[in-house]
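Read off the chains here:
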Amino acid sequence: MTTESTAAEPAASSEPTDVDSTAAENSASTGTPKSPRALARARKRQSLARFWRAYRSHRSGLWGLAALVLIALIALAAPLLAGADAQSVTDTPGGPLELPSGEFPLGTDQFGRSVLALLVWGARVSLTVGLLAAVLCVAIGTVVGIVAGHFRGWYSTVLMRVTDWFLVMPTLVLAIALATVMDRSIWTVILAIGVTTWPTTARLVRAQTLAVESRPYIERSRALGGGHGHIMLRHVLPNVMPLVLAQTTLVISSAILTEATLAFLGLGDPTITSWGGMLQDAREAGAVSAGDWWYLAPPGIAVAVVALAFTLCGRAIESVLNPRLGVSR
Amino acid sequence: MTAESTPALVQSADTDGGPAQPGPPAARGPRARNTRAYLRYTAGKIAGAVVSLFAVLVTSFFLFRLIPSDPVKQMTGGRPVSAEQLESLRRQFGLDLPLWQQFTDYVGDALTGDFGMSYQFHSPVIGKIAEAVPATLLLTGTAYALYTALGIWLGTRTAWRNGSRSDRFHTAFALTLYSVPSFWLGLLLIIVFSVGLGPIPGLFPTGGLESGGETGFAYVIDVAHHLVLPVITLVAVGYAQTLLVMRSSLLDEMGSDYLTTARAKGLRDDLVRRRHAVPNAMLPTFTLMFVNLGHVVAGQILVETVFSWPGLGGLFYQALSVPDLPLVQGLFFVFATAVILANTLADLLYPLLDPRVGR
């Protein structure tokens, strides 16, 4: 019973025409009765296929996805593409601050390391921090949002007060303050970003939870004896997930920008090469006044491309789930 | 991502704190009832703001007590100092008292505008902050006015011609600039237009507010000259948000019946847009404008740092690098207060613009 309803609901919430296909599938399967589990799996596959068909029609979303796949592959293959010792400052292959050439397509930094190789290695940090911080942010936001939307009374009020309060705090200032008081490490950066950005997600999820909880099937579930945990996990969460997915994608791009900012301020892990850290190194090496554009331009472009790719994907997902938004294709 | 935060904020304006249930029936008719409902709504919002301000005070105190290193050691900068000297420094900055007493002293002082002495400059924090405020207001205020106007104008244009080539171009361009780190754009502008790249000579100063030695009209020109690059950076990174919010809320209105009615009356297309569609679509943008207004004071830490602008953001960066505890605390409080005040102002004005709120 419950597996069936959880699988069908996300699709039903996003597309009302789902009823037809379900009915057609039921009549088709009358010949050989399928187990509820198999039916649920088939429905899940169907709704994924439908999602992909809708997503495919958003051209900018496809560009974003293609860029992400490419960058993820580059990040995974960093040791092969750039060499494992590309980040070492001893025995560097080139002289300091060389102009772009055949050997070093993007020139070298002040230690003589290849900027291109550093850029490839930096992709790992950016993607890791972006993904993990977004997951942390969305996890906190989803829990707070669902709990605040499900329960009435004073602790819902308190939760939303706390959320509101985090919402008015200047995010970057709070993240910088947190990163300052903790040790310099990649986990600090992830924590600082995740802990400061969740309120938007919490508000969004709470609104969706309230909408879901007003539907009749929640009342039915409650009448059949479904407890708080059952309703929140089996009914509300699956219906909130699509929204959360879109939100995660959008949060990743801002997390990547914040990571670059923190690293630029010298609050990142100094032992790891990241794009923001490269910009800080470049600034400290006097690349700005010397006009060393080949050292400064690539990390920023890389940050912008990744952030833009995630934004495009997020907007495409959002407009698939909510066609009323009118996002351009 | 910010386009998503705005509806949430709008929602906060109409669900929280405001009296959802109508007040008791008043004898003097609906007008008196409305006034009373508005007063109650106002009182609730102001009370909420006061609670938030106190929470900020508490956070700014305890957050920076987490710093593991001894501030006195930081102050002396590793020079050999005797134990007595350290002790007297501690006493001078009140660091020898128990934590709760430091806290009550801190709250009491903060309420009178006293945030203590800066470790770094050995002068009152509030003085350093007051010195930096005008520069920040000049820079971010100018940028704020420009990017809000640009965002609203372009947002309206793109939504009205939804799907056209110019819509696609402007949306893509704005999204791209939105993904660019502001400090990087600033550095790049410095390289190209201040240092000079290839055939381009150095047109603008690399940073600061003034060259010094100018007076009168020449001084104004000089400051304006210094303003150009940081303002361009802030506008480029900032206008996308307003554009996207304006665009999506206008698109929401596009199919409305009242627009068809307005057209049927024979109104010209741009009059339909100016008098009917845009005023209705302005509400979410209005919320965003106030959120951004709070951040005008918070300044742009990165852009001010990159352009060595003598404002609050640059001061925050300097304070962090020491770390100069009282100065960081004071600035944190000022930044958060500005955002809270701007949001409260938006909450109070909102019912006047949208009668559905706060009734």
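Since the model is a prediction, treat every value here as computed from it, not as a measurement.

Considering the overall build of chain B
In terms of regular secondary structure, chain B is built from 14 helices and zero strands. The order of α-helices and β-strands along chain B, N terminus first, is α-α-α-α-α-α-α-α-α-α-α-α-α-α. Across the 359 residues in chain B, those meeting the buried criterion constitute 40%. Taking as baseline every contact in chain B between residues at least 6 positions apart, the subset at least 24 positions apart corresponds to 73%.

Brief notes about the UniProt feature "transmembrane region" (unreviewed entry) in chain A
Listed under "transmembrane region" (unreviewed entry) in the UniProt record, and renumbered for this structure, are residues 62-82, 125-151, 158-179, 185-205, 240-265 and 293-314 of chain A. In residues 185-205 of chain A, the share of helix is 95% and the share of strand is 0%. The end C-alpha atoms are 31 Å apart.

A closer look at the interface of chain B and chain A
Chain B puts 45 residues into the contact, and the matching count from chain A is 42 residues. Sorting the residues of the side of chain B that touches chain A by element identifies helix H1 (2-15), helix H2 (29-65), helix H7 (165-178), helix H8 (182-196), helix H9 (216-254), helix H11 (269-298), helix H12 (301-306) and helix H14 (325-353) of chain B as the ones contributing at least two each. When residues in the side of chain B that touches chain A are grouped by element, the largest group, seven residues, is from H8(B). Looking at side-chain class alone, the side of chain B that touches chain A contains 29 nonpolar, 12 polar and four charged residues.

Brief notes about the environment of A:Leu39
Residue and element names in this part refer to chain A. Its place among the elements puts Leu39 in helix H3 (residues 36-56). Take Leu39: there are 19 C-beta atoms within 10 Å of it, and that puts it in the partly exposed class. Taking the C-alpha atoms as reference, Leu39 lies 20 Å from Trp52; in sequence the two are 13 residues apart.

Some thoughts on the UniProt feature "transmembrane region" (unreviewed entry) in chain B
All names here are of chain B. The sites that UniProt annotates as "transmembrane region" (unreviewed entry) are residues 46-67, 132-154, 175-197, 217-240, 283-307 and 327-350. Regarding residues 132-154, the helix share stands at 100% and the strand share at 0%, and the terminal C-alpha atoms are separated by 33 Å. End C-alpha atoms of residues 217-240 are separated by 34 Å, and the span's content is 100% helix alongside 0% strand.

Structural notes on the packing of helix H14 (residues 293-321) of chain A against H8(B)
The packing of two helices is summarised by the inter-axis angle and the distance between the axes. Running from amino to carboxyl end, H14(A) crosses H8(B) at an angle of 155 degrees, the nearest separation of the two axes being 10 Å. Classified by the angle their axes make, H14(A) and H8(B) are roughly antiparallel. Judged by the sense of rotation from one axis to the other, the crossing of H14(A) with H8(B) is left-handed. Contacts between H14(A) and H8(B) involve A:Trp293, A:Leu296, A:Ala297 and A:Gly300 on the former and, on the latter, B:Trp184, B:Leu187, B:Leu188 and B:Ile191.

Some thoughts on the packing of helix H6 (residues 125-160) of chain B against helix H13 (residues 312-321) of chain B
Residue and element names in this part refer to chain B. Orientation of H6 relative to H13, taken along the N-to-C sense of each, is 135 degrees, at an axis distance of 8 Å. In terms of axis orientation, H6 runs oblique to H13. In this structure, H6 contributes Lys128, Ile129, Ala132, Val133 and Thr136 to the contact, and H13 contributes Leu312, Gly313 and Leu315.

Rules and cut-offs
- Residues numbered from 1 in each chain as written.
- Chains lettered and ligands numbered in written order.
- Predicted model: local features only at pLDDT ≥ 70, side-chain atom pairs only at ≥ 80, totals over all residues.
- Helix = DSSP H or I, 4+ residues; strand = E, 2+ residues; numbered from the N terminus.
- Buried ≥ 20, exposed ≤ 12 C-beta atoms within 10 Å, placed from the backbone.
- Contact = placed C-beta atoms within 7 Å.
- UniProt positions renumbered as here; feature names shortened; annotations may be inferred.
- Nonpolar A, V, L, I, M, F, W, Y, C, P; charged D, E, K, R; others polar.
- Axes fitted to C-alpha atoms, helices over the stretch in contact; angles between N-to-C directions.
- Parallel < 35°, antiparallel > 145°, perpendicular 65-115°, else oblique.
- Left-handed = near helix turned anticlockwise from the far one by under 90°.

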